[in-house]
Amino acid sequence: MFRPARPIGPLVAAAVLAAATACSSANASGDTVEVVVGYQSKTINTVTAGTLLRAQGYLEQRLAELGRQNGRHYRVTWQDYDSGAPITAQMLAEKIDIGSMGDYPLLINGSRAQEAGGPGTRLVSITGYNLLGALNGVVVPNSSPAHTLADLKGRKVSTSVGSAADGTLIQALARVGVKDGDIDKQNQQPAVGASALKAGSVDALAQFVAWPGAVVFAGDGRLLYDGAALGRPTLHGVVIRQKYGTEHPEVVRAFLTAQSDATRYLAEHPLDASRKVAEATGLAPEVVHLYNGPNGIATFATPLDARLLAALREDVPFLKSVGVLKALDLDRFVDPSYLAAAALPDVPPARITGADAVCGRPVDDPRLAGEIWFDGEDTTRPAADPTCLLRAVKAAGGKKVRAAYVPDAATGTRWFADRDRWVKDGAALLPFTTEDGATAYLAAHPGAVGLSYQEALAAS
């Protein structure tokens, strides 16, 4: 049985990988097969098909094993982008063979490829997803007067038009009676929007993973809207050019197997995986671990889950209504045959387990479990529930906390405990990612009181 070798070093990887301007396999000759992979390094719920996969060298290893069997040489080129749109453009130009992107860009990819005629593109696997939509969020400056999403009416909001985050923004605004045209939307790449928010040139940033968490962790803003409040699944996945898949099905199978290798590594070594992704992207490891760690905001799995496909089917008419998609035969676009041929084993997602040393009980309820990363420690500590997490921080005697993660009491969205809004209801201490969420709970529970993080610590 093939087992992934040790990760290849960056210098070796650089020698193996062709320049970003290399052409796709359409120009391959002889026994060399080119494969060009488009990915988004900072969109960290695609890491199993991008950043982590590349860092570990799993694709190159799988293709080298394949080459030893069939006598061919496989050459991989990686191209990094900020969003899915340019990956789609390069795929239509036959310059990218395999790409990873979010749900709305995936649907736009399939639609435009079908419109162009020919074999088109195919969705072949999933990377990271959240069944409630928590991978998207809206952040505002700490000093912003906005308390709810409705307060953004008439304000400048930065987002990437056509992205999953943009779709979440449009649908969430509609729920509170604000039309898309009622805001001054700025179409910007995520990094540009984050800088604009910090500089005060926009009033809010609506983006996908990992930007909301990165802005909040850096102290440049607070979460105004948690995408989980929308209750609609959001996902990222892998799309291929069908022409390439027909010509080189063995490469697609090798890619999916390598993706499974990366998924297993992330599940079995979550903290180490977070560090590797942080090193490759420049993102804070605490932010990467927020999303990709055990019980993280993103769940990683390759299968084309029926719940996610149902969400895509519901998204098609919405994208048509906002004018970013003309038509799409989803049944033709989704192709499970490559995963079936790869016959991959199931990889259970990482979960917080162990014993809570402070509260003296097992950590066995993912709806309540938290995780603390203390400075200077190579492992994180589990907490059975939010109150136990606060007690553990308090019992540490002032030891610096790199990050303490706890799930929202209503949505389950994992967030930074010291950035949460807290509520005391009887003996229970409940965290909420947004002011809106805490306010709704307080309104429904007259005896409960709102607390700051420091007050919650004292109350624990």
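- As recorded by an unreviewed UniProt entry, the chain carries the name ABC transporter substrate-binding protein and is attributed to Kitasatospora cinereorecta.

## Regarding the packing of helix H11 (residues 270–281) against helix H12 (residues 285–292)
Moving on, step 1. It is the contact of H11 with H12, at a shortest axis distance of 8 Å, that shows an interaxial angle of 130°. Of the possible angle classes, the one that applies to H11 and H12 is oblique. Seen along the crossing, H11 lies across H12 with a hand that is right-handed. For the pair H11 and H12, the contacting residues are Pro270, Leu271, Ser274, Val277 and Ala278 in the first and Pro285, Val288 and His289 in the second.

## Here's the deal with the UniProt feature "domain: SsuA/THI5-like" (unreviewed entry) in the chain
Moving on, step 1. Here the UniProt-annotated "domain: SsuA/THI5-like" (unreviewed entry) positions come out as residues 134–272.
Moving on, step 2. Each end of residues 134–272 is marked by a C-alpha atom, and these two atoms are 23 Å apart; helix forms 42% of the span and strand 22%.

## Side note on the sheet that holds strand E9 (residues 222–226)
Backbone-to-backbone hydrogen bonds join strands into a sheet, with any given pair of strands oriented parallel or antiparallel.
Moving on, step 1. Here we have five strands laid out as an open sheet, ordered E7-E6-E8-E5-E9, and mixed in their pairing. Both edges of this open sheet fall to strand E7 (184–187) and E9, since each of them pairs with a single strand only. The mean inter-strand angle of the sheet, taken between neighbouring strand axes irrespective of direction, is 25°.
Moving on, step 2. Here strand E5 (residues 136–140) runs beside strand E8 (residues 204–208); their pairing, made up of four bridges, is antiparallel.

## Observations regarding the nonpolar core
Moving on, step 1. Core analysis: the biggest nonpolar cluster contains 93 residues, and Val35, Ile44, Leu59, Leu63, Leu107, Phe255 and Tyr291 have the highest contact counts within it.
Moving on, step 2. No other element matches helix H10 (residues 249–268), which puts nine residues into this core.
Moving on, step 3. Setting aside its immediate chain neighbours within four residues, leucine 59 contacts Val37, Leu53, Val76, Trp78, Ala254, Phe255 and Ala258.

## Overview of the pairing of strand E1 (residues 32–39)
Moving on, step 1. The buried fraction of E1 amounts to seven of the eight residues, a majority that puts the element mostly inside the structure.
Moving on, step 2. Of the pairings in the sheet, the one linking E1 to strand E2 (residues 73–80) comprises eight bridges and is parallel in character. Residue pairing in the sheet places valine 35 in a bridge with valine 76 of E2.

## Brief notes about the packing of helix H5 (residues 103–116) against helix H13 (residues 306–321)
Moving on, step 1. Across the interface, H5 lies against H13 with an axial gap of 10 Å and an inter-helix angle of 75°. If you check the angle between H5 and H13, you find them roughly perpendicular. Across from Asp103, Tyr104 and Leu107 in H5, the residues of H13 making contact are Leu312, Asp315, Val316, Phe318 and Leu319.
Moving on, step 2. The residue makeup of the contact of H5 with H13, split by class, is six nonpolar, no polar and two charged.

## Describing unusual backbone geometry
Glycine aside, residues mostly have negative phi angles, and peptide bonds mostly take the trans form.
Moving on, step 1. Here the bond from valine 209 into alanine 210 is cis, since omega is 5°, no more than 30 degrees from zero.
Moving on, step 2. Assignment of secondary structure puts alanine 210 in the loop between E8 and helix H8 (211–217).
Moving on, step 3. Of note, the phi angle at glutamate 94 is positive, near 60°, even though the residue is not glycine.
Moving on, step 4. Within the element layout of this structure, glutamate 94 appears in the loop between helix H4 (85–92) and strand E3 (98–102).
Moving on, step 5. The backbone of alanine 343 sits at a positive phi, close to 50°, despite the residue not being glycine.
Moving on, step 6. Secondary-structure assignment places alanine 343 in the loop between helix H15 (337–342) and strand E12 (355–356).

## Regarding the environment of aspartate 329
Moving on, step 1. Locating aspartate 329 in the fold gives a position in the loop between H13 and helix H14 (330–333).
Moving on, step 2. Taking relative accessible area as the criterion, aspartate 329 reaches 40% and is therefore assigned partly exposed.
Moving on, step 3. Taking C-alpha positions, aspartate 329 is 36 Å from proline 294, a pair spaced 35 residues apart along the chain.

## As for the side chain of glutamate 371
Moving on, step 1. As for its placement among the helices and strands, glutamate 371 is situated in strand E14 (residues 370–374).
Moving on, step 2. Among the residues examined, glutamate 371 registers a relative accessible area of 3% and is labelled buried.
Moving on, step 3. A polar side-chain atom of glutamate 371 sits 2.9 Å from a polar atom in the side chain of arginine 414.
Moving on, step 4. With residues up to four places along the chain from it excluded, the contact list for glutamate 371 reads His289, Pro294, Ile352, Thr380, Arg381, Leu389, Ala403, Ala404, Tyr405 and Arg414.

## Quick word on the pattern of salt bridges
Moving on, step 1. Using the criterion set out here, one finds 22 salt bridges in the structure.
Moving on, step 2. Note that arginine 232 and glutamate 314 form a salt bridge whose closest N and O atoms lie 3.5 Å from each other. One end of the pair, arginine 232, is in the loop between E9 and strand E10 (234–241); the other, glutamate 314, is in helix H13, and 82 residues separate them in sequence.
Moving on, step 3. In this structure glutamate 314 comes out as partly exposed when scored by relative accessible area, which is 49%.
Moving on, step 4. A salt bridge links aspartate 418 to arginine 419; the nearest nitrogen and oxygen atoms lie 2.6 Å apart.
Moving on, step 5. For aspartate 418, a relative accessible area of 38% puts it in the partly exposed group.
Moving on, step 6. One network of salt bridges, in which partners are shared, links Asp166, Asp180 and Lys185.

Conventions used here
- Residues numbered from 1 in each chain as written.
- Predicted model: local features only at pLDDT ≥ 70, side-chain atom pairs only at ≥ 80, totals over all residues.
- Heavy atoms only, no water.
- Axes fitted to C-alpha atoms, helices over the stretch in contact; angles between N-to-C directions.
- Helix = DSSP H or I, 4+ residues; strand = E, 2+ residues; numbered from the N terminus.
- Parallel < 35°, antiparallel > 145°, perpendicular 65-115°, else oblique.
- Left-handed = near helix turned anticlockwise from the far one by under 90°.
- Contact = heavy atoms within 4.5 Å.
- UniProt positions renumbered as here; feature names shortened; annotations may be inferred.
- Pairing = 2+ DSSP bridges.
- Core = buried A, V, L, I, M, F, W, Y, C linked by side-chain atoms within 4.5 Å.
- Buried < 20%, exposed > 50% of the residue type's maximum accessible area, 1.4 Å probe, protein only.
- Nonpolar A, V, L, I, M, F, W, Y, C, P; charged D, E, K, R; others polar.
- Polar contact = N/O pair within 3.5 Å; in protein donor to acceptor, adjacent residues only side chain to side chain.
- Salt bridge = Lys/Arg side-chain N within 4 Å of Asp/Glu carboxyl O.

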